[in-house]
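Chain residues, written in single-letter form:
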Amino acid sequence: MPDPQKAVRLADYQPYTHCVDSVDLTFRLVPEATRVTARLTLRPNPERTGRNALRLDGEGLKLLSCTVDGKPVKPEIDAESLTIPAKSLPAGAFTLETVVEIAPDANTALEGLYMSKGMYCTQCEAEGFRKITYYPDRPDVMSRFRVRIESDLPVLLSNGNPVGRGKGQAEWDDPWPKPAYLFALVAGDLKAHSSTFVTVSGRKVDLNIWVRPGDEDRCAYAMDSLIRSMKWEEEVYGREYDLDVFNIVAVDDFNMGAMENKGLNVFNSRYVLASPETATDDDFARIEAIIAHEYFHNWTGNRITCRDWFQLCLKEGLTVFRDHQFSGDMRSAAVRRIEDVVALRARQFREDAGPLAHPVRPESFVEINNFYTATVYEKGAEVIGMLKTLVGDAGYKRALDLYFDRHDGDAATIEDWLQVFEDATGRDLSQFKLWYSQAGTPQLKVADDWKDGVYTLTFTQANPPTPGQPKKDPKVIPINVGLLNPNGDEVVPTIMLEMTRAKQSFRFEGLAARPIPSILRGFSAPVVLDRKGLAEERAFLLAHDTDPFNRWEAGRALAKDVLAEMALKGAPPPPAFLDAMASVVFDESLDPAFRALCLRLPGEDDLAQTIHAMGRIPDPAKIHAARREMAGALAIRLGDGLQRLYKDLDDSAPFSPSAEQAGRRALKMSALGLLTRRDGGKLAASAFARARSMTEEIGALSALLDVREGQAELAAFAARWRRDANVMDKWYGLQIMNAEPSEAAAVTTRLTETPAFDWKNPNRFRSVIGALAANHAGFHHQSGAGYRTVADWLIKLDPLNPQTAARVSTAFETWPRYDAARRKLARAELDRILAAPGLSGDLREMVERMIAAR
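Residues numbered from 1 in each chain as written. Predicted model: local features only at pLDDT ≥ 70, side-chain atom pairs only at ≥ 80, totals over all residues. Heavy atoms only, no water.

Enquirer: How would you explain the overall build of the protein chain if you had to name every residue and give the values?
Expert: Each helix and strand counted, the protein chain has 25 helices and 31 strands in total. In summary, the protein chain has a C-alpha radius of gyration of 28 Å against a globular reference of 29 Å for 854 residues, a match within 12%. By its C-alpha atoms, the protein chain is 85 × 65 × 60 Å across when sized along the principal axes. In the protein chain, which comprises 854 residues, the proportion classed as buried is 60%. The contacts in the protein chain between residues at least 6 apart in sequence include a share of 70% that link residues at least 24 apart. Accessible area of the protein chain: about 32600 Å², with a carbon and sulfur share of 51%. Computed over 107 positive and 119 negative side-chain charges, the separation of the two mean positions in the protein chain equals 2 Å. (Helix = DSSP H or I, 4+ residues; strand = E, 2+ residues; numbered from the N terminus. Rg over C-alpha atoms; globule rule 2.2 N^0.38 Å. Buried < 20%, exposed > 50% of the residue type's maximum accessible area, 1.4 Å probe, protein only. Contact = heavy atoms within 4.5 Å. Areas by Shrake-Rupley, 256 points an atom, 1.4 Å probe, with all protein chains shown as cover. Lys, Arg positive; Asp, Glu negative; His and termini not counted. Charge placed at Lys NZ, Arg CZ, Asp CG, Glu CD.)

Enquirer: Give me the lowdown on unusual backbone geometry, citing residues and values where you can.
Expert: The omega torsion of the bond from Glu125 to Ala126 falls at 5°, within 30 degrees of zero and hence cis. When you line up the elements, Ala126 lands in the loop between β11 (119-123) and β12 (143-150). With phi around 60°, Leu110 is a residue other than glycine that occupies positive phi space. For Leu110, a relative accessible area of 6% puts it in the buried group. A positive phi angle, near 65°, is found at Arg708, a position not held by glycine. Looking at where Arg708 falls in the secondary structure, it is placed in the loop between α16 (694-706) and α17 (711-721).

Enquirer: Tell me about the sheet that holds strand β26 (residues 454-462), and name the residues and values.
Expert: The four strands are arranged β29-β26-β25-β31 in an open sheet whose pairing can be described as mixed. Edge positions in the sheet fall to β29 (503-508) and β31 (528-530), since each of these pairs with one other strand and no more. Across the sheet, the mean angle from the axis of one strand to that of its neighbour is 25°, orientation sign disregarded. Taken together, the three bridges between strand β25 (residues 443-451) and β31 define a ladder with parallel strand orientation. By the bridge assignment for β31, Gln443 is matched with Val528. (Pairing = 2+ DSSP bridges. Axes fitted to C-alpha atoms, helices over the stretch in contact; angles between N-to-C directions.)

Enquirer: Explain the packing of aromatic side chains to me, and be specific about the residues and the numbers.
Expert: A full pass over the atoms with the stated rule returns 38 aromatic pairs. Between the aromatic rings of Phe27 and Phe183, the centroid separation amounts to 5.7 Å while the plane-to-plane angle is 10°, which identifies the pairing as stacked. A residue pair is termed long-range when its members are at least 10 positions apart, and Phe27 in strand β2 (residues 18-28) and Phe183 in the loop between β15 (169-178) and β16 (185-188) qualify at 156 residues. On the numbers, 5.4 Å between centres and 70° between planes, the contact of Phe129 with Phe183 is edge-to-face. Here the residue Phe129 occupies a position in the loop between β11 and β12, and Phe183 occupies one in the loop between β15 and β16, the gap between them amounting to 54 residues. Considered together, Phe129 and Phe183 belong to a single accessibility category, that of buried residues. (Phe/Tyr/Trp six-rings, centres within 6.5 Å; stacked < 30°, edge-to-face > 60°.)

Enquirer: Give me the lowdown on the pairing of strand β5 (residues 62-68), citing residues and values where you can.
Expert: Two elements, β5 and strand β9 (residues 94-102), share six bridges in a ladder whose sense is antiparallel. Residue pairing for β9: Cys66 is matched across the bridge by Thr98. Adjacent in sequence and paired antiparallel, β5 and strand β6 (residues 71-72) are bridged by two residues, among which Asp69 carries a positive phi angle near 50°.

Enquirer: Describe the pattern of salt bridges, naming the residues involved and giving the relevant values.
Expert: What the rule picks out here adds up to 77 salt bridges. The partner of Asp140 in a salt bridge is Arg138, with the nearest N and O atoms 2.7 Å apart. Linking Lys397 and Asp401 is a salt bridge whose minimum nitrogen-to-oxygen distance equals 3.0 Å. Of the two residues, Lys397 and Asp401 are both situated in helix α5 (residues 374-407); the distance of four residues between them amounts to about one turn of the helix. Exposure remark for Asp401: the relative accessible area of 30% places this residue in the partly exposed category. (Salt bridge = Lys/Arg side-chain N within 4 Å of Asp/Glu carboxyl O.)

Enquirer: Tell me about α5, and name the residues and values.
Expert: Look at α5: only 26 Å from first C-alpha to last across 34 residues, short of the 50 Å you get at 1.5 Å a residue. Where α5 bends most, at Gly392, the angle is about 115°. The buried fraction of α5 is high, at 24 of 34 residues. One or two positions beyond α5, positive phi appears at Gly409, with a value near 85°. (Expected span 1.5 Å × (residues − 1). Bend = angle between axes of the 7 residues up to and from the residue.)

Enquirer: With reference to specific residues and values, describe the state of the cysteines.
Expert: By definition, a disulfide is the covalent link that joins the sulfur atoms of two cysteine residues. A complete count under the given rule lists zero disulfides for this structure. For the unlinked cysteine Cys121, the closest cysteine sulfur is that of Cys124, found at 9.2 Å. We classify Cys121 as buried; its relative accessible area is 0%. Summary of cysteine pairing: Cys306 is not part of a disulfide, and the nearest cysteine sulfur, belonging to Cys313, is at 8.8 Å. Relative accessible area serves as the criterion here: at 0%, Cys306 is assigned to the buried category. (Disulfide = S-S within 2.5 Å.)

Enquirer: Break down the sheet that holds strand β28 (residues 490-499) for me, citing the residues and quoting the values.
Expert: Strand order in this open sheet of three strands is β28-β27-β30, and the pairing throughout is antiparallel. Where the open sheet ends on each side, the last strands, each with one partner, are β28 and β30 (516-519). The sheet shows a mean angle of 25° between the axes of neighbouring strands, direction not considered. In this structure, strand β27 (residues 477-484) lies alongside β30, joined through four bridges in antiparallel fashion.

Enquirer: Tell me about the nonpolar core, and name the residues and values.
Expert: Core analysis: the biggest nonpolar cluster contains 272 residues, and Trp417, Phe432 and Phe812 have the highest contact counts within it. Ranked by residues supplied to this core, first place goes to α5 with 14 residues. Once you skip the residues sitting within four places of it in the chain, Phe812 turns out to touch Phe779, Tyr787, Val790, Ala791, Leu794, Ala826, Glu829, Leu830, Ile833 and Met850. (Core = buried A, V, L, I, M, F, W, Y, C linked by side-chain atoms within 4.5 Å.)

Enquirer: How would you summarise helix α3 (residues 312-330) if you had to cite specific residues and measurements?
Expert: The terminal C-alpha atoms of α3, which comprises 19 residues, lie 27 Å apart, in line with the 27 Å expected from a rise of 1.5 Å per residue. Here α3 lies mainly inside the structure; 17 of its 19 residues are buried.

Enquirer: So what about the packing of helix α10 (residues 575-585) against helix α13 (residues 620-648)? Which residues, and what values?
Expert: Across the interface, α10 lies against α13 with an axial gap of 10 Å and an inter-helix angle of 30°. Where α10 crosses over α13, the two elements pack in a sense that is right-handed. Residues Phe577, Leu578, Asp579, Met581, Ala582 and Val585 of α10 touch α13, and the partners they reach there are Met630, Ala633, Leu634, Arg637, Leu638 and Leu645. In terms of residue class, the contact of α10 with α13 is made up of ten nonpolar, no polar and two charged. (Left-handed = near helix turned anticlockwise from the far one by under 90°. Nonpolar A, V, L, I, M, F, W, Y, C, P; charged D, E, K, R; others polar.)

Enquirer: Would you mind going over the side chain of Ser225 in detail, with residue names and values included?
Expert: If you trace the backbone, Ser225 turns up in helix α1 (residues 220-237). Apart from the residues lying within four places of it in its own chain, the contact partners of Ser225 are Glu288, Ile291 and Phe326.

Enquirer: Tell me about the pairing of β9, residues and numbers included.
Expert: Looking down a regular strand, the side chains alternate between one sheet face and the other. Among the nine residues that make up β9, seven are buried, leaving the element largely enclosed by the rest of the structure. Direction of pairing for strand β3 (residues 34-44) relative to β9: antiparallel, over a ladder of nine bridges. Bridge assignment links Leu42 to a residue of β9, and that residue is Phe94.

Enquirer: Go over the environment of Thr49 with me, naming the residues and quoting the values.
Expert: Here Thr49 lies in the loop between β3 and β4 (54-57). On a C-alpha basis, the gap between Thr49 and Glu713 in space is 70 Å, while along the polypeptide they are 664 residues apart.

Enquirer: Run through the environment of Ser783, naming residues and quoting values.
Expert: As for its placement among the helices and strands, Ser783 is situated in the loop between α21 (776-779) and α22 (785-797). With 38 residues separating them along the chain, Ser783 and Ala745 place their C-alpha atoms 10.0 Å apart. Here Ser783 is in contact with Arg788 and Leu825, once residues within four sequence places are set aside. Polar side-chain contacts of Ser783 include one of 2.9 Å to the side chain of His781. One polar contact links the side chain of Ser783 to the main-chain amide nitrogen of Ala785, over a distance of 3.2 Å. (Polar contact = N/O pair within 3.5 Å; in protein donor to acceptor, adjacent residues only side chain to side chain.)

Enquirer: I'd love a proper account of the environment of Ile384, names of residues and values included.
Expert: Inspection of the secondary structure puts Ile384 in helix α5. Looking at Ile384, the relative accessible area reads 1%, which means it is buried. Separated by twelve residues in the primary sequence, Ile384 and Tyr396 place their C-alpha atoms 9.7 Å from one another. In contact with Ile384, not counting residues within four places along its chain, are Gly317, Leu318, Phe321, Tyr396, Trp417 and Tyr436.

All we've got here are geometric facts, nothing functional implied.
Listed below in structure tokens is the structure:
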């Protein structure tokens, strides 16, 4: 396990010793020797007693000078900090000035100030600012920043509003106090795609998306998404933008998706650049969501930030919930909810079930970068959603208005957040708070009874043990339920049942016939619902449920049950299931996007987790074979109707990234994938040749690769898109994801030997090594080649980019659920990673936590 002596603990929190009233920074940009002058005005923090030394965080800095009130001082310096003893500081306010030198062009970790293809760029969350200058690099220290940038580069950007520009220099002033993690600087040869937005109060805001020359024509959708986000934020939450300018910069080398720096968002270029020719419908949807997410942070993250990194879920969970709301309003709310739950189960349920499980608000950490997880983000958003369900729409609005009013300018905590809900609604949320402190996914068992016109649902919740938490108290679980008559009519519309005990019953009286329950509508709580042995009930709900999520869920549960039986017992695909799928796929009254989701089979990792939850050992090879057999059976059962469906979905209208068109294309590509299993690829080859969008091009190519065809099309794709890195990432990933399990590691190795494989670029590394980790049967192949290949590359990347290496290492988190032979192979690779010389703290913590599972 990670060294407990190095862990940071929530219980140890203390306010910082000093207040930082203002920060003046001057950057003289030189690739190998940038000089940073920091002038801080400080005073003792009245919340701390006595006279305290001044300790500033700093890593990899060359100190050139240090003065207090203009007088030189000799601080104590170690690898992580600079300290000035209390005796060397004035009793009251004072000014500290430091001058340091850093080398952006040598910064391969992509934290702090670094270079990306000639562009200077920063990434300071969570603890990157300490790699720029000496500073109290913690979120509860908030100050006003003024920045001067000196460089001959044409575009010089920082936070806030521009206040000066001359030859070789620019000055920026941010009037809003912020923590250092929100600092940003960008300098480079960039071009702007510009627009304006007029706020509800009449303020004109200049909007710019800065990109490399030649990319300006691929920013329109990102700009449209930004403008829609700003308008939605005003209409739904009553929050207005608060600066004169809002800048977004697209960067090719970036560890994450995007960063919400105040007034200067920095984005992975993958989530900005889009055109019909280069971006899929999924890309457009992600751009819309991520643009919105980072903009919404202006209030939930920037104006109100988190007191410490243990409160990360406050800003991220709330902002994810808000971007989900936005996407639901912009697109189909039902489809978006299903997609969000699919992602939650694939990433967060997996996390909760393994050695990396942790509470939404952790109690301790060694490396905070390792807690930017699905639990903090996605489960954190689900907790917000449950809270909204419990207090109702009106209560939620009152609480949010109070939160913004009470805590604007604060560094807040979960306690602050829950207190505003208690004050606004009068509810006691002490039991609900367990969602923030307990790890794991609750298991919700359901039994029912029918007697004398009274229908009773009895729920039993179990909260399984997780690392460090063997026993847990019952949680508050909002369970949305509806009841249907045997003829399909809804007799009890959706109501919320509030479960507060380990076992609890709810009665429904005055019913004429035994109803069919529709439980957990809209996925009202992030739990695993256990209601077994009712295939007929699921088929009924698939045909009749009025709740779109539960209608999809019924089909999904049927598919998982059937595929598990096929993998465990070699059973054939049951005709009843195939008939049920056909009835949904050909039902033209349903949204095409919904039909496409129903046609998408559960993933192999999802099925492995399902089988593991049954107390059985999943076999990746058998799961892979069962899933392919089911796809073939569906192709046969859907028959000629599939061909007619594909033809009917052909659309000659001009391309639009709208939800309506995207849904039609999704169903069309699903149909093409099944048709390809029948004709060996003839239709897919034709579709590739005449594709009018990247969605169609990638869909056809994927269908070909799935039936082990498409080599000519692969070559044509590479020739066409070799200069577009984001599109080529798709080319790399498709080949590995569609590789035979026995060949996946070898295909990966071959692709790493191609000239375009830049393993230092996070996007390219994830598109190749991450794709192998995502090829379930390939990564877990019995030869161990998948484990070895991923481990080799983690060891190679870690010295240069620990953050990306640590995140990709989660490929190993499920290793304990497999057979002894696979566990032995995986454990050997984890041990080998742990023994690598100079292993980073980021990767070491992850590997030690995973090893501790056995």
